[in-house]
Amino acid sequence: MSPRRRTFAVTIAAAAALAAPLGAPAQATPAPTTGLTPQLATAYRSAKAHAVRQGVPLWITSGKRSWAEQRELWRDGLRTYGNPEVARRWVLPPGESTHVTGRAIDVGPLPGARWLARTGSRWGLCRTYANEWWHFEVATAPGRRCPPMLPSAAQR
């Protein structure tokens, strides 16, 4: 992945323009669950409490986004990748993003995201895109197996 694309991927994960390497935490303090669906907020809070008990670092780097925030991320993606088809692999327009409806969270740091990918189905939390280690949604009933990941957001 080129440095420009790596920076863009982190930007999406953090929902802010960051000049950090892929895998760096976007922020060191938890983002609030305000604006998330009640189901997602409850699932995340339960997973977070379990992670804390196990000594696993986990926090939300991006949750509910406004239409305007997502539109700016989409425009950044178009500038970075040059066309909508390629940009859609990393970011969706506001009318299609699950962040705008409060149905998605991006998490960090990488060890916490890996832990959540392994254990998240306990609370119904699943990684939904193979190319985004940070993106989770409620995609199954708690305790059930997560559905197969899509290759990227472009297949949504």
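You'll find the structure just up there.
This structure is a prediction, so every number in the text was calculated from the model and none was measured.

## Concerning the overall build of the protein chain
A count of helices and strands for the protein chain gives five helices and four strands. Order of helices (α) and strands (β) in the protein chain, N terminus to C terminus: α-α-β-α-α-β-α-β-β. Within the protein chain, the proportion of its 156 residues that are buried is 46%. A fraction of 60% describes how many contacts in the protein chain between residues 6 or more apart in sequence connect residues 24 or more apart. For the protein chain, the exposed area adds up to about 7700 Å²; of that, 56% sits on carbon and sulfur atoms.

## A short note on the sheet that holds strand E4 (residues 135–138)
Backbone hydrogen bonds hold the strands of a sheet together, and the pairing may be parallel or antiparallel. The sheet built from four strands is open, its strands ordered E1-E2-E4-E3 with antiparallel pairing. In the strand order of this sheet, the two ends are held by strand E1 (59–62) and strand E3 (125–127), each with one partner. Taking each pair of neighbouring strands and ignoring which way they run, the sheet shows an average axis angle of 50°. Pairing of E1 with strand E2 (residues 105–108), which is carried by three bridges, proceeds in the antiparallel orientation. Opposite serine 62, over in E2, you have aspartate 106 as the bridge partner. Sheet strands touched by helix H2 (residues 38–54): E1, E2, E3 and E4. Its angle to E3, the strand with the most contacts, is close to 90°.

## Comments concerning the state of the cysteines
A full pass over the atoms with the stated rule returns one disulfide. Disulfide pairing places cysteine 126 opposite cysteine 146 at an S-S distance of 2.1 Å. Classification of the bridge connecting cysteine 126 and cysteine 146 rests on its S-S torsion, roughly -85°, and on that basis the disulfide is left-handed. With cysteine 126 in strand E3 and cysteine 146 in the segment after E4, the pair connects residues that are 20 residues apart, well separated along the chain. Classification of cysteine 146 by relative accessible area gives partly exposed; the value is 25%.

## A word on the nonpolar core
Membership of the largest hydrophobic core comes to 28 residues, with the highest contact counts inside it found for Leu58, Ile105, Val107, Trp115 and Leu116. Contributing elements (two or more residues each) for this core: H2, E1, helix H3 (67–81), helix H4 (84–87), E2 and helix H5 (110–119). A total of six residues in this core trace back to one element, the largest contributor, which is H2. Contact partners of leucine 58, with chain neighbours within four places excluded, come to Tyr44, Lys48, Ala51, Val107, Gly108, Pro109, Gly112, Ala113, Trp115 and Leu116.

Definitions and limits used
- Residues numbered from 1 in each chain as written.
- Predicted model: local features only at pLDDT ≥ 70, side-chain atom pairs only at ≥ 80, totals over all residues.
- Heavy atoms only, no water.
- Helix = DSSP H or I, 4+ residues; strand = E, 2+ residues; numbered from the N terminus.
- Buried < 20%, exposed > 50% of the residue type's maximum accessible area, 1.4 Å probe, protein only.
- Contact = heavy atoms within 4.5 Å.
- Areas by Shrake-Rupley, 256 points an atom, 1.4 Å probe, with all protein chains shown as cover.
- Pairing = 2+ DSSP bridges.
- Axes fitted to C-alpha atoms, helices over the stretch in contact; angles between N-to-C directions.
- Disulfide = S-S within 2.5 Å.
- Core = buried A, V, L, I, M, F, W, Y, C linked by side-chain atoms within 4.5 Å.

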